[in-house]
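Summary of the model geometry
Here is what each chain is made of, one letter per residue.
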Amino acid sequence: MSVEANRVRKPRADSLRNREQLLEAAKAAFGEIGADAPLEEIARRAGVGIGTLYRHFPTREALLAAVYRREVEQLSGSAETLLAERQPAEALEAWLHLLVDYMATKRMIAPALQASPGEGAAAYASSGAAISAAMARLAGAAITSGDIVAVTPDDLTRMLMGVAYGYDQPGWEPSARRLIGIMMAGLRRSR
């Protein structure tokens, strides 16, 4: 076999674009309709055929898991970007608002992920560590800078449990955003 044959081909640009469009369309459809949104509707919204959807995601579970993993990756990856662009306390607060966005998506697909025995359940079970690490990184930077009082990651998690309470109820999101503002006001050091 030649060296060329042993090389793994990179996905084509149009394939990557189709995958991204499918994930965006699926996130929107799951948010509006629920985890049972018709796959044909998702393909239509993405501007691709149903065959393209199935080439990327052979099952609904695979699509749900991919949407969820992408949300977790974006949320956890945003910590470093926010720290590079803002003061640490501002970065933490902005990230907490992104966490609310993530939770809004999660509430629609988490039950389906938890109910699936394979890929979906694994994606759901593995998400906590990445999110906790991002929150700890942001909180640590804000504490080190003196922007907020010293709290532990467990303290923040407990506060966020209150923010997350009722996340599956109508009207939760505006309330959660108000509570984040109150929480951050209490954490900020007076200067």
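Right above here is the structure, for reference.
These lines cover the structure that appears in this document, whether it is placed above or below. (Residues numbered from 1 in each chain as written. Predicted model: local features only at pLDDT ≥ 70, side-chain atom pairs only at ≥ 80, totals over all residues. Heavy atoms only, no water.)

**Quick look at helix H8 (residues 153-164)**
Relative to the 16 Å expected for 12 residues at 1.5 Å per residue, H8 spans 16 Å between its end C-alpha atoms, a close match to the ideal helical length. In the core, the buried residues of H8 are packed alongside helix H6 (88-115), helix H7 (119-145) and helix H9 (172-187). Gly 166 sits one or two residues past H8 and shows a positive phi near 75°. (Helix = DSSP H or I, 4+ residues; strand = E, 2+ residues; numbered from the N terminus. Expected span 1.5 Å × (residues − 1). Contact = heavy atoms within 4.5 Å.)

**Concerning helix H5 (residues 60-85)**
Compared with an ideal rise of 1.5 Å per residue, which puts 26 residues at 38 Å, H5 spans 37 Å between its outermost C-alpha atoms and is within 8% of the ideal. The sharpest bend along H5 measures roughly 30° and falls at Ser 78. (Bend = angle between axes of the 7 residues up to and from the residue.)

**Topic: the packing of aromatic side chains**
In the structure shown here, the tally under the stated rule is two aromatic pairs. Ring geometry for Tyr 68 against Tyr 102: centres 5.9 Å apart, planes inclined by 40°, an arrangement best described as tilted. Here Tyr 68, found in helix H5, pairs with Tyr 102, found in helix H6; they are 34 residues apart in sequence, far enough to count as distant. Taken as a pair, Tyr 68 and Tyr 102 share a single burial class, namely buried. Ring geometry for Tyr 167 against Trp 172: centres 6.3 Å apart, planes inclined by 75°, an arrangement best described as edge-to-face. On the accessibility criterion, Trp 172 (5% relative accessible area) is buried. (Phe/Tyr/Trp six-rings, centres within 6.5 Å; stacked < 30°, edge-to-face > 60°. Buried < 20%, exposed > 50% of the residue type's maximum accessible area, 1.4 Å probe, protein only.)

**Points about the packing of helix H2 (residues 13-32) against helix H3 (residues 39-46)**
Two elements in contact, H2 and H3, have axes whose closest approach is 8 Å; the angle formed by their N-to-C orientations is 130°. Taken together, the axes of H2 and H3 lie oblique to each other. As H2 runs across H3, the sense of the crossing is right-handed. Mapping the contact onto sequence places Gln 21, Leu 22, Ala 25, Ala 26, Ala 28, Ala 29, Phe 30 and Glu 32 in H2 and Ile 42, Ala 43, Arg 45 and Ala 46 in H3. Class assignment of the residues belonging to the contact of H2 with H3 gives a composition of nine nonpolar, one polar and two charged. (Axes fitted to C-alpha atoms, helices over the stretch in contact; angles between N-to-C directions. Parallel < 35°, antiparallel > 145°, perpendicular 65-115°, else oblique. Left-handed = near helix turned anticlockwise from the far one by under 90°. Nonpolar A, V, L, I, M, F, W, Y, C, P; charged D, E, K, R; others polar.)

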